[in-house]
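Architecture at a glance
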Amino acid sequence: MMTRLYFNDVVTRDGFQIETNFIPTDDKVKLIDALSHCGFAKIEVTSFTSPKAIPMLRDAEEVMGKIQRVPGVEYTVLVPNLRGAERAFESKADEFNLVMSTSETHNLANLRMGREKSFAGLSAVIQYVDARVPINVSLSTAFGCPMEGEVSQAVVEEFAQRFADLGVRGLTICDTTGMANPEQVKQMCEALLKRFPALQLTLHFHNTRGMGLANVLAAVQAGIVRFDGSLGGLGGCPYAPGASGNISSEDAIHMLDAMGYDTGINISKLIGLARQLPTIVGHAVPGQVAKAGCTYDLHPAPPYVEELRAR
Ligand code: COA
Ligand code: ZN
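What comes next concerns the included structure.

**Points about the sheet that holds strand E7 (residues 200–205)**
One closed barrel holds the eight strands; their spatial order is E1-E2-E3-E4-E5-E6-E7-E8, and the pairing between them is parallel. Pairwise comparison of adjacent strand axes, ignoring direction, gives a mean angle of 25 degrees for this sheet. In terms of strand pairing, E7 meets strand E8 (residues 226–229) through three bridges, oriented parallel. Each residue of the ladder has a partner; that of Thr 202, found in E8, is Arg 226. Along the sheet face, helix H8 (residues 182–195) touches strand E6 (170–175) and E7 and points at about 165 degrees away from the line of E7.

**Side note on the side chain of Asn 215**
Position of Asn 215 among the secondary structure elements: in helix H9 (residues 212–222). Apart from the residues lying within four places of it in its own chain, the contact partners of Asn 215 are Asp 175, Ala 180, Asn 181, Pro 182, Val 185 and Phe 205.

**What about the coordination of the zinc ion (ligand 2)?**
Bound to the zinc ion (ligand 2) on the protein side are Asp 14 (OD), His 204 (NE2) and His 206 (NE2), at distances that span 2.0 to 2.2 Å. One chain supplies every donor to the zinc ion (ligand 2), and in sequence these donors are spaced D-x189-H-x1-H. Of the two residues, Asp 14 is situated in helix H1 (residues 11–15) and His 204 in strand E7; the sequence distance between them amounts to 190 residues. The burial state of Asp 14 is the same as that of His 204; both residues are buried.

**What to know about the site of ligand 1**
Around ligand 1 sit 16 residues in total, of which Phe 48, Lys 52, Asn 81, Arg 87 and Asn 110 are the nearest. In this structure, a nitrogen atom belonging to ligand 1 sits 3.3 Å away from a main-chain N or O atom of Gly 84. Within the complex, 65% of the 920 Å² of free accessible area of ligand 1 lies under protein. Counting residues per element, the shell around ligand 1 draws most heavily on helix H4 (residues 82–90), which supplies three residues. For the shell around ligand 1, the residue count by class is six nonpolar, six polar and four charged.

**A look at the environment of Leu 270**
Within the fold, Leu 270 resides in helix H11 (residues 267–281). C-alpha separation for the pair Leu 270 and Leu 231, spaced 39 residues apart in sequence, amounts to 8.1 Å. Residues contacting Leu 270, with those up to four places away along its chain left out, are Leu 35, Cys 38, Phe 40, Leu 231, Ser 249, Glu 250, Ile 253 and Ile 265.

**Section: the layout of surface pockets**
Of the volumes computed, that of the largest pocket is approximately 490 Å³. Around the largest pocket sit 29 residues that line it, and Thr 49, Leu 78, Val 99, Asn 110 and Leu 111 are the ones nearest its centre. Put simply, the parts of the chain that give the lining of the largest pocket at least two residues each are H1, strand E2 (42–47), strand E4 (95–101), helix H5 (104–111) and strand E5 (135–140). The dominant element in the lining of the largest pocket, judged by the number of residues it contributes, is H5, at three residues.

**Considering the pairing of E8**
When strand E1 (residues 6–9) meets E8, the two strands line up parallel, connected through four bridges. For Asp 9, the partnering residue across the bridge sits in E8 and is Gly 229. In this region the chain leaves E7, passes through H9 and returns to the parallel neighbour E8; the handedness of that crossover is right-handed.

Reading guide: rules and limits
- Residues numbered from 1 in each chain as written.
- Chains lettered and ligands numbered in written order.
- Predicted model: local features only at pLDDT ≥ 70, side-chain atom pairs only at ≥ 80, totals over all residues.
- Heavy atoms only, no water.
- Pairing = 2+ DSSP bridges.
- Helix = DSSP H or I, 4+ residues; strand = E, 2+ residues; numbered from the N terminus.
- Axes fitted to C-alpha atoms, helices over the stretch in contact; angles between N-to-C directions.
- Contact = heavy atoms within 4.5 Å.
- Donors = N, O, S within 2.8 Å, 3.2 Å for Na, K, Ca; no water.
- Buried < 20%, exposed > 50% of the residue type's maximum accessible area, 1.4 Å probe, protein only.
- Near = heavy atom within 4 Å.
- Polar contact = N/O pair within 3.5 Å; in protein donor to acceptor, adjacent residues only side chain to side chain.
- Areas by Shrake-Rupley, 256 points an atom, 1.4 Å probe, with all protein chains shown as cover.
- Nonpolar A, V, L, I, M, F, W, Y, C, P; charged D, E, K, R; others polar.
- 1 Å grid on protein atoms, 1.4 Å probe; cavity = no way out; pocket = protein on both sides within 12 Å on 5 of 7 lines; lining within 4 Å.
- Points joined across faces, edges and corners; volume = space filled by probe spheres on them.
- Right-handed = clockwise from strand over helix to strand, strands pointing away.

Pasting the structure below:
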């Protein structure tokens, strides 16, 4: 097998945006620098959103200025509008990750405007960037909206097509609040891979209802090779009721590695980092492998087992 997979860790953006306590800038920088040596293809460092909307990431410039970039790792940032793009340029981000929702209600809640206004705004950003930096567009709530319910695949494909027509390099299909199921994921991924063979397609899952890794499996079996994950399984959209963590990077990577996929990741380094995360954020985190250890981390048998064996 050995298909090469590409992971993007979003803990310092999707993860930290929803924390109740501000994570000190130097802690963010240290974590990103450590993630840079784990083998990630990409790291979503921060977001250039309004500091009033997302105060936890108000230090975006400082973080971008202080991290030590490792060649081969792309440092991407979330950009909601033109002002965000200007800031991302100054910070020399490697990729701009633009965002809008496929659900009208979630777009109004999260970005305070309707989808058409968002699309027009993001088109202006793409025009302004003028291919100087690769653009990725994240389509939120693509598998369902916590306020509206179903989002049809046709709507997702329509926005994907409109952004493809604007020349974006990639699209991230986001299950913002963990509503996707594996059958739905299979159908979505097959359709998008067929329709957009030239685009970098990334899948972004949240484990809100315990379906995260099943959805990763469905996507990888459909042919997807790019995934977002979050160290420790932190994360969530502050404007989505009941939102909770992304799939844990280390849990997903551990699973795929055990299945024979080439994730490019140094798993023991990654798990070591995941084990430091509760200290950084000040609470327990959902990821499971960091607690249980890898399947190949064996435990000594109790002494009576040897006695039984000797009988
Ligand atoms: N960077 C810094 N400041 C920004 C900004 C940006 N990208 N975009 C807007 N602002 C500031 C404006 O300067 C203005 O400041 P002021 O009140 O001091 O004049 C204020 O934010 C409001 O600006 P406005 O253009 O009216 O934007 P808005 O209030 O409609 O906000 C968003 C639009 C999208 C920028 C804002 O809602 C946002 O950042 N949301 C966060 C979305 C997000 O990251 N969600 C989670 C991840 S999906
Ligand atoms: Zn997310």
